[in-house]
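Chains, contacts and geometry: an overview
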Amino acid sequence: MARYFDVHPDNPQPRLIGQVVDLLRRDGLIAYPTDSCFALGSQLGNKDGMDRIREIRHLDSGHHFTLVCRDFAQLGQFVQLDNAIFRAVKAATPGRYTFILPATKEVPRRLLHPRKRTVGVRIPDHPVTQALLDGLGEPLLSSTLLLPGDEEPLTQGWEIKERLDHAVDAVIDAGDCGTEPTTVVDFSEGEPEIVRVGAGDPERFA
């Protein structure tokens, strides 16, 4: 049965954040809010967590998982950026974008796209997500909480608890965070390609 954390959206309670971080460090899987809908998240080295996300969402081996990073310095440890891409990504973060980029050796092989050797990265602009990342000290392995057969991501903490009670270890409810996922920009070939139009304005990469 999943634990339920009622967290303040702007001033997350340190005690509750600490409890969630402890759960993540014990290989827990959480449902948590971001600046563009709820997501599933686990610690980077948690292989079981990744498998559980795949199972919940019915994902194939070609799915790009996302490393949700605290800041640009952390993001730069996990992906390769030339000067032009560096400027473009930095100007759009934090924000509602996911960037697909060539991965560095810091990224576990199982998280890479099987052919491209790329990974998705983002820096969210949400106080609760930032508090979790501060406490954890490393990125969250993440995927949008969009269930098979649903047209939109789940938005209500109580509904997530109801539907995923035996599939996740915790649900963090900080109020509604919308149904629109991030805009995905693929820089793996050097030039930006909009893979998915979402909450972030795609025009800045047109």
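The paragraphs below set out a description of the structure included in this document. (Residues numbered from 1 in each chain as written. Predicted model: local features only at pLDDT ≥ 70, side-chain atom pairs only at ≥ 80, totals over all residues. Heavy atoms only, no water.)

**Details of the overall build of the protein**
What counts, and what does not: Going along the chain from the N terminus, every DSSP run of H or I of four or more residues is numbered as a helix, and every run of E of two or more is numbered as a strand. As a reference, a globule follows 2.2 Å times the number of residues to the power 0.38, and the radius of gyration itself is taken over C-alpha atoms. Relative accessibility thresholds used throughout: buried, under 20% of the residue-type maximum; exposed, over 50%; partly exposed, between the two (1.4 Å probe, protein chains only). Residue contacts follow a heavy-atom distance rule, with two residues in contact if any of their heavy atoms lie within 4.5 Å. Computed by Shrake-Rupley with a 1.4 Å probe, the accessible areas treat only the displayed protein chains as cover when residues are assessed. Charge convention: Lys and Arg are scored as positive, Asp and Glu as negative, and His as well as the terminal groups of each chain are ignored. To locate a charge, take atom NZ for lysine, CZ for arginine, CG for aspartate or CD for glutamate.
When helices and strands are tallied, the protein shows 6 helices and 10 strands. Radius of gyration (C-alpha) of the protein: 16 Å, near the 17 Å computed for a compact globule of 206 residues. Taking all 206 residues of the protein together, 54% fall into the buried category. Once local pairs closer than 6 in sequence are excluded, the contacts in the protein between residues at least 24 apart make up 66%. Of the roughly 9600 Å² of accessible surface on the protein, 45% is carried by carbon and sulfur atoms. The averaged location of the 31 negative side-chain charges in the protein is 7 Å from the averaged location of its 23 positive side-chain charges.

**Some remarks on the pattern of salt bridges**
Stated precisely, the cut-off is as follows: Salt bridge, as used here: a side-chain nitrogen of Lys or Arg that lies within 4 Å of a carboxyl oxygen of Asp or Glu.
All chains considered together, the criterion is met by 10 salt bridges. Salt-bridge contacts for Lys-47 lead to Asp-51; the nearest nitrogen and oxygen are separated by 3.1 Å. Highlighted residues: Lys-47 and Asp-51, both in helix α2 (residues 47–57), separated by 4 residues, approximately one helical turn. On the basis of relative accessibility, which here comes to 47%, the residue Lys-47 falls in the partly exposed class.

**So, the packing of aromatic side chains**
We apply this condition: Two rings belonging to Phe, Tyr or Trp (six-membered ring only in the last case) form a pair when the distance between their centres is within 6.5 Å. Interplanar angles under 30 degrees mark stacking, angles over 60 mark edge-to-face geometry, and anything in between is tilted. Lysine NZ or arginine CZ positioned within 6 Å of the ring centre and within 35 degrees of the ring normal marks a charge as sitting over the ring.
In this structure the tally under the stated criterion is 6 aromatic pairs. With centroids separated by 5.0 Å and ring planes inclined at 90°, the aromatic side chains of Phe-72 and Phe-86 adopt a geometry described as edge-to-face. Taken as a pair, Phe-72 in helix α3 (residues 72–75) and Phe-86 in helix α4 (residues 83–91) lie far apart in primary sequence, 14 residues in all. Given the relative accessible area of 35%, Phe-86 is considered partly exposed. A ring pair is formed by Phe-99 and Phe-205, whose centres lie 5.8 Å apart and whose planes are at 70°; its orientation type is edge-to-face. Residue Phe-99 is located in strand β5 (residues 97–102), and its partner Phe-205 is located in the segment after β10 (193–196); the two are separated by 106 residues in the primary sequence. Given the relative accessible area of 7%, Phe-205 is considered buried. A network of ring pairs unites the aromatic residues Tyr-97, Phe-99, Phe-187 and Phe-205 as a single cluster. Its end group placed over the ring of Phe-72, Lys-90 keeps NZ or CZ at 5.5 Å from the ring centre.

**What to know about the sheet that holds strand β9 (residues 183–186)**
What counts, and what does not: Whether two strands pair depends on DSSP finding at least two bridges between them. What counts as an axis is a line fitted to C-alpha atoms, over the stretch in contact for a helix, and the angles between N-to-C directions run from 0 to 180 degrees.
Strands sit in the order β1-β8-β2-β3-β7-β4-β6-β5-β9-β10 across an open sheet of 10 strands; the sheet is mixed. Strand pairing shows two members of the sheet lacking a second neighbour, β1 (3–6) and β10, which therefore form its edges. Ignoring which end each strand starts from, the neighbouring axes of this sheet average 35° apart. Direction of pairing for strand β4 (residues 66–68) relative to strand β6 (residues 118–122): parallel, over a ladder of 3 bridges. Counted as the bridge partner of Leu-67 is Val-121 from β6. Helix α5 (residues 127–136) contacts β2 (30–34), β3 (37–43), β4, β7 (140–144) and β8 (170–173) of the sheet and is inclined by roughly 125° relative to β2.

**Some points on unusual backbone geometry**
Residue Pro-94 follows Thr-93 across a cis peptide bond; omega there is -5°. If you trace the backbone, Pro-94 turns up in the loop between α4 and β5. Not every positive phi belongs to a glycine, and Asp-27 is a case in point at roughly 65°. On the secondary structure map, Asp-27 appears in the loop between α1 (14–25) and β2. Phi angles above zero are rare outside glycine, and Cys-37 is one such case at about 80°. Here Cys-37 shows up in strand β3. On the basis of relative accessible area, Cys-37 is assigned to the buried category, the value being 2%.

**Considerations on the pairing of β9**
Side chains of β9 alternate between two faces, with Thr-183 and Val-185 and Val-184 and Asp-186 buried alike. Bridging between β9 and β10 involves 3 bridges; their strand directions are antiparallel. Residue Val-184 lies in a different strand from β10, and its bridge partner there is Arg-196.

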